[in-house]
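# Coordinate analysis (summary)
One-letter residues, chain by chain:
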Amino acid sequence: MTLHNFARFPRNLRRLGEIALAFGRHGFGTVLVRLNLSEHIPFAKRILPQRFVTVDPELSPEKRLVSVFEELGPTFVKLGQVLSARPDIVGEQLADEFRRLQDRVTPFDSQQAIEIIESELDAPISDLFESFDEQPSGSGSIAQVHRARLKNGTEVMVKVRRPNIEKVILSDLAVLKFVADIAKNQMPEIRPRQIVEEFERAIRDEMDFTVEASSTTEFCEMLEDTPGMKAPRVFWSLTTGKVLTIEKLAGVHISDVDELDRRGHDRTELARTLADGFMSQYFQTGVFHADPHSGNLLIADDGTICLIDFGMVGHISRDLKSQLTTVLLATLSEDMDILAETASELGTAGPNFEPRRLSTDLTNLYHKYSGMPLGRMDSRRLFIEITQTARQNDLSLPRDLVLLTKSLGTLSGVARVLDPSFDVLEEAAPKARELLIRKIKPKQTMTSAGLEMLRLVRLVRTVPRDIRRIIRKTESGQLQIGHRHEGLPQALLEFEKASNRLAISIYVAALLVASSLMIRTHFLPVRGVSIPGILGYLLAGALSVWLAWGILRSGRL
């Protein structure tokens, strides 16, 4: 996004200034200097690091960054929550701090919520529900939730999107894209474009409630074949992009072990049911709940595990499943070179990626855990070390793979709360072996080989045609080769500024010469003084002061 397009909306520049001030107040002025935001924000000099006196030295940079995100409102709270699932990009320590971000937002007026529901569903609230609790049961930065009862007596939860929240978030997205365009050259190690693009997809999906409704319905149908687990039904006739109506599932939070014991539930059996259900999601259906923390898991009176809140869902494609199988085979055969090569194909390698170093790091990690019994492994620690290894080698893993490791790590923690002796990895091993056996079965191998052969035949067919097209374009002079220079836009911007300053300097010199001639010739005098000459001097003086101020503000004399 160019500065010209960005600056067409004054609120964007104002918001950029607010963001810069918030980062400055919390001790991140060096980031502003590195991004050279003073070129775009007139008052940025006031928030340079040497001017800070309010930073608490006892607070870590991670905690201060979380404070910045909380201060900047809903868009940045959601950004932090998205980044909490990407320790391979931001590091485990910062991801852990971001996991503590909560939507602490005051509920909006219930009458507004009712008006939105009636407008979206085109009917009075009394015609839609038998009863509707005007007091919100929960409130977040994107929406708030109300309890209600349908005409047939079914208890439901109605989620209503905040009024005008889309305008706020889209404005912040424009600012984030603009900063990411600057940071991609100045701070490439944090992958700003990838972060913003991933966040944009996530936030747009979260604002459209039909996406969450679709995921909830998919899980509701999928879990019908999973013993001991269920998901709420979606009432599509009462659901739009701004309103979501789902079945209210009653139960005890899975972490409330005292209440579970009081009700006579077998916690070891619950842990096994939970693990079996999620292993089926990971290894069979390929669609899984990516945030199975205790708040999203309820235990019904009959012992059924109820999954709620499908705002974060992961998908394991056939290609990803195949690559994971290759990773498993390479690990079992201790071939770290193939493992490193597959890992680099799985993710996005940065400019500092070195396959040999990755192979060495994976070898060290393998030997650290190879002799350890599954029951003694800390699965969460293992997943943290995997993401740290990827990050240290400038390798960004695919989002769904990171969500898989996050989901499995969270699941392991919940299972251990139910039964401290239960280990999810031991439960996952048979499913992984089953997947591996299916992968290397002759029939499956022949099928995969056949598909690869079809791809090769298609490639062989298209290559001659593509070569002929290139030759024709070359002969006719129509062949074009695209070239992108990473640092060129910034260089052009600096050149344009230098040209403008040179032009103003020439104007000032010309005005001084012309004004001096008019003064001497008494051109259009008033009381013996040439008025055009005086005006020329004043204009030259004003332009000189403006030019000097601009040069001083840029910090370059």
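Look above for the structure.
First things first, this report covers the structure right here in the doc. In this text, all values refer to a predicted model and were calculated from it rather than measured experimentally. (Residues numbered from 1 in each chain as written. Predicted model: local features only at pLDDT ≥ 70, side-chain atom pairs only at ≥ 80, totals over all residues. Heavy atoms only, no water.)

Before going further, it helps to spend a moment on the overall build of the protein chain. Within the protein chain, the regular secondary structure consists of 23 helices and 15 strands. Looking at the protein chain as a whole, 43% of its 557 residues qualify as buried. In the protein chain, 66% of the contacts between residues at least 6 apart in sequence involve partners at least 24 apart. (Helix = DSSP H or I, 4+ residues; strand = E, 2+ residues; numbered from the N terminus. Buried < 20%, exposed > 50% of the residue type's maximum accessible area, 1.4 Å probe, protein only. Contact = heavy atoms within 4.5 Å.)

The subject of this paragraph is the packing of aromatic side chains. Aromatic rings in a pair are described by how distant their centres are and how their planes are angled relative to each other. All chains considered together, the criterion is met by six aromatic pairs. Seen from their ring centres, phenylalanine 69 and phenylalanine 76 are 5.6 Å apart, and the 80 degrees between their planes marks the pair as edge-to-face. The class of phenylalanine 69 is buried, set by a relative accessible area of 5%. Taking the relative accessible area as the measure of exposure, phenylalanine 76 reaches 3% and is therefore buried. Note on phenylalanine 129 and phenylalanine 132: the rings are 5.9 Å apart at their centroids and 35 degrees apart in plane angle, and the pair reads as tilted. Neither residue differs from the other here; phenylalanine 129 and phenylalanine 132 are each classed as buried. The ring of phenylalanine 209 carries the charged tip of lysine 159 above its face, separated from the ring centre by 5.1 Å. (Phe/Tyr/Trp six-rings, centres within 6.5 Å; stacked < 30°, edge-to-face > 60°. Lys NZ or Arg CZ within 6 Å of the ring centre and 35° of its normal.)

Here glutamate 247 is to be found in strand S6 (residues 243–247). Sequence-distant contacts of glutamate 247, that is, excluding residues within four places in its chain, are made with Glu155, Val156, Lys230, Pro232, Arg233 and Phe235.

This model, assessed by the stated rule, comprises 23 salt bridges. Notably, a salt bridge pairs arginine 233 with glutamate 247, separated by 3.4 Å at the nearest N-O pair. With a gap of 14 residues between them, arginine 233 in the loop between strand S5 (229–230) and S6 and glutamate 247 in strand S6 connect regions that are remote in the sequence. The exposure class assigned to glutamate 247 is buried, which follows from its relative accessible area of 15%. With its nearest N and O atoms 2.9 Å apart, the salt bridge here joins glutamate 259 to arginine 263. (Salt bridge = Lys/Arg side-chain N within 4 Å of Asp/Glu carboxyl O.)

A few words now on the side chain of serine 396. Tracing the sequence through the fold places serine 396 in strand S13 (residues 395–396). Looking at serine 396, its side chain comes within polar contact range of the side chain of glutamine 194, at 2.7 Å. Apart from the residues within four sequence positions on either side, serine 396 is in contact with Arg86, Asp88, Ile89, Arg191, Gln194, Gly347 and Thr348. (Polar contact = N/O pair within 3.5 Å; in protein donor to acceptor, adjacent residues only side chain to side chain.)

Once that is clear, we can look at the nonpolar core. Leu274, Met279, Tyr282, Ile305, Leu307 and Leu411 are the most contacted members of the largest nonpolar core, which totals 54 residues. Tallying contributions element by element places helix H19 (residues 399–418) first for this core, with nine residues. Look past the residues within four positions of tyrosine 282 in its chain and what remains in contact with it is Phe288, Ile316, Leu404, Ser407, Leu408 and Leu411. Leu16, Phe69, Leu72 and Leu94 belong to the second-largest nonpolar core, a separate cluster that totals 47 residues. (Core = buried A, V, L, I, M, F, W, Y, C linked by side-chain atoms within 4.5 Å.)

Across the seven residues of strand S4 (residues 155–161), six count as buried, placing the element largely inside the fold. When strand S3 (residues 143–149) meets S4, the two strands line up antiparallel, connected through seven bridges. By the bridge assignment, glutamine 144 is partnered in S4 with valine 160. The pairing of S4 with S6 spans five bridges and is antiparallel. Across the sheet, residue valine 160 finds its bridge partner in S6, namely valine 243. (Pairing = 2+ DSSP bridges.)

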